[in-house]
Amino acid sequence: MSVHKGKLLIVDDEQGIRELLVSEFSKLGYSVFFAVNGEDAILKLQAEKADLIITDMKMPKVDGVDLLKFVKEHSPESEVIIITGYATVENALEAMHRGAYDFIQKPFNIDELVQLAEKAMEKNELKTLVSIYEEANSLFSHLNLKDLLPAVSDAAKKITGCLRACLFLLDNDGKILTFCQNDCGADKKEVGKFVSDVYSDETKRGEPIFFDAVSAPQEYKSIFVPKLDIKSVLLYPMSLSGKITGYLFLTKSSQFSPFTKADLKKISVFVSQISQAVNNAQAFERLSSNNAS
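The rules we used
- Residues numbered from 1 in each chain as written.
- Predicted model: local features only at pLDDT ≥ 70, side-chain atom pairs only at ≥ 80, totals over all residues.
- Heavy atoms only, no water.
- Helix = DSSP H or I, 4+ residues; strand = E, 2+ residues; numbered from the N terminus.
- Contact = heavy atoms within 4.5 Å.
- Areas by Shrake-Rupley, 256 points an atom, 1.4 Å probe, with all protein chains shown as cover.
- Pairing = 2+ DSSP bridges.
- Axes fitted to C-alpha atoms, helices over the stretch in contact; angles between N-to-C directions.
- 1 Å grid on protein atoms, 1.4 Å probe; cavity = no way out; pocket = protein on both sides within 12 Å on 5 of 7 lines; lining within 4 Å.
- Points joined across faces, edges and corners; volume = space filled by probe spheres on them.
- Buried < 20%, exposed > 50% of the residue type's maximum accessible area, 1.4 Å probe, protein only.
- Arc of directions from axis to C-beta.
- Salt bridge = Lys/Arg side-chain N within 4 Å of Asp/Glu carboxyl O.

(A) Quick look at the overall build of the protein. When its secondary structure is counted, the protein shows 8 helices and 10 strands. The principal-axis extents of the C-alpha atoms in the protein amount to approximately 75 × 40 × 30 Å. Counting only contacts in the protein whose residues sit at least 6 apart along the sequence, the fraction spanning at least 24 positions is 62%. As displayed, the protein has an accessible area near 14500 Å², and 51% of this comes from carbon and sulfur atoms.

(B) How the structure looks around the sheet that holds strand β4 (residues 79–84). Strand order across the open sheet formed by 5 strands is β2-β1-β3-β4-β5, with parallel pairing between neighbours. The sheet terminates laterally at β2 (31–35) and β5 (102–105), the two strands that pair on one side only. Neighbour to neighbour, the strand axes of the sheet diverge by 20° on average, direction disregarded. Examined bridge by bridge, β4 and β5 share 4 bridges and lie parallel to one another. Looking across to β5, one finds that Ile81 is bridged to Asp102.

(C) Geometry of the layout of surface pockets. A volume near 360 Å³ is recorded for the largest pocket. Lining the largest pocket are 18 residues, with Lys49, Glu77, Thr128, Lys158 and Ile159 positioned closest to its centre. Only α5 (110–138), α6 (145–160) and α8 (261–292) provide two or more residues apiece to the lining of the largest pocket. Ranked by the residues each element gives to the lining of the largest pocket, the list is headed by α5, at 6 residues.

(D) Structural context of helix α4 (residues 89–97). All of the buried residues in α4 are Val89, Ala92 and Ala95. Take α4 and look down its axis: the buried residues cluster within an arc of 105°, on one side only. The outward face of α4, more than 90 degrees from its buried face, is lined by the exposed residues Glu90 and His97. Looking at the buried residues of α4, the elements they touch are α3 (64–74), β4 and β5. Of the residues one or two after α4, Gly99 is the one with positive phi, at around 120°.

(E) Quick look at the environment of Ser254. Assignment of secondary structure puts Ser254 in the loop between β10 (243–252) and α8. Given a relative accessible area of 48%, Ser254 falls into the partly exposed group. Ser254 has contacts with Asp229 and Lys231, leaving out every residue within four places of it along the chain.

(F) Up close: the pattern of salt bridges. Tallied over the entire structure, the rule returns 12 salt bridges. Note that Lys127 and Glu79 form a salt bridge whose closest N and O atoms lie 2.8 Å from each other. Remark: Glu79 occurs in strand β4 and Lys127 occurs in helix α5; sequence separation between them is 48 residues. Note on Glu79: relative accessible area 0%, which makes it buried. For the salt bridge of Lys266 with Asp263, the shortest nitrogen-to-oxygen distance reads 4.0 Å. Note that Lys266 and Asp263 are positioned in helix α8 at a spacing of 3 residues, about one turn of the helix. Asp263 shares its class with Lys266; the two are buried. Put simply, Glu14, Asp56 and Lys106 are held in one network by salt bridges that share partners.

(G) A look at unusual backbone geometry. Lys106 connects to Pro107 through a cis peptide bond whose omega is -10°. In this fold, Pro107 is placed in the loop between β5 and α5. Positioned with a positive phi, Lys61 is a non-glycine residue whose angle comes to about 65°. Position of Lys61 among the secondary structure elements: in the loop between β3 (52–56) and α3. For Lys61, a relative accessible area of 71% corresponds to the exposed category. Phi at Ser241 is positive, roughly 50°, even though this residue is not glycine. Inspection of the secondary structure assignment puts Ser241 in the loop between β9 (232–240) and β10.

Below, the structure is given as structure tokens:
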């Protein structure tokens, strides 16, 4: 299973610097994508969010400050590190006032930039976890499963940036009881069979898994049906009092970076919160049904 620390966007119009940073951060376990200039970066970020953006300051048309403005307006939780030359240090300081995490001067030491990136990611993670708690807590207002389950699906997509999310609940015998809409890019039976196969070993039943089409173990390859355009999968069990009550099944298509270790941590926090919300809604429905009878 490939493990990624988080999503990192490299923005530089100098090919040599861009290729160096992409190579170094990829080796360190980041899921890296790149843009050749500020305009290209905006297009990339409109399609997929990044946890961290490392951008050159001086670029034609859309420079580092302009890109920073876009990031803070559309993805304020993302951190930005500015790479600057001596002549643009003043602009870099302005960028920090506008919300950039920090800046580093050319020529830079790659080890120093890596350390700066690690600290920026730590800050990003803290902010993200707070927002996830807030997102999950808002779901407790839904006492009807019909309203809650789609809301859970939408929240999971928002948290991980994926387009497909499917939540399903289990009955007391461990069989699939309720599907939260068919929004996982696969047939319900295929998903059910996949989950059964993955967790047929009781020692693995409570463990989350995530992998992409390249790194997937051979026994899981069947889920990557070409016509469904599934590139990456994240499957997370929901549980209460040590008992599995359901699964959250997320997929990404080929146009997006694979799920990362950071995504797994986000979903673990989210699931720990919403498992109780789902249990509350189920209890409310049982109570309503008993009162009606």
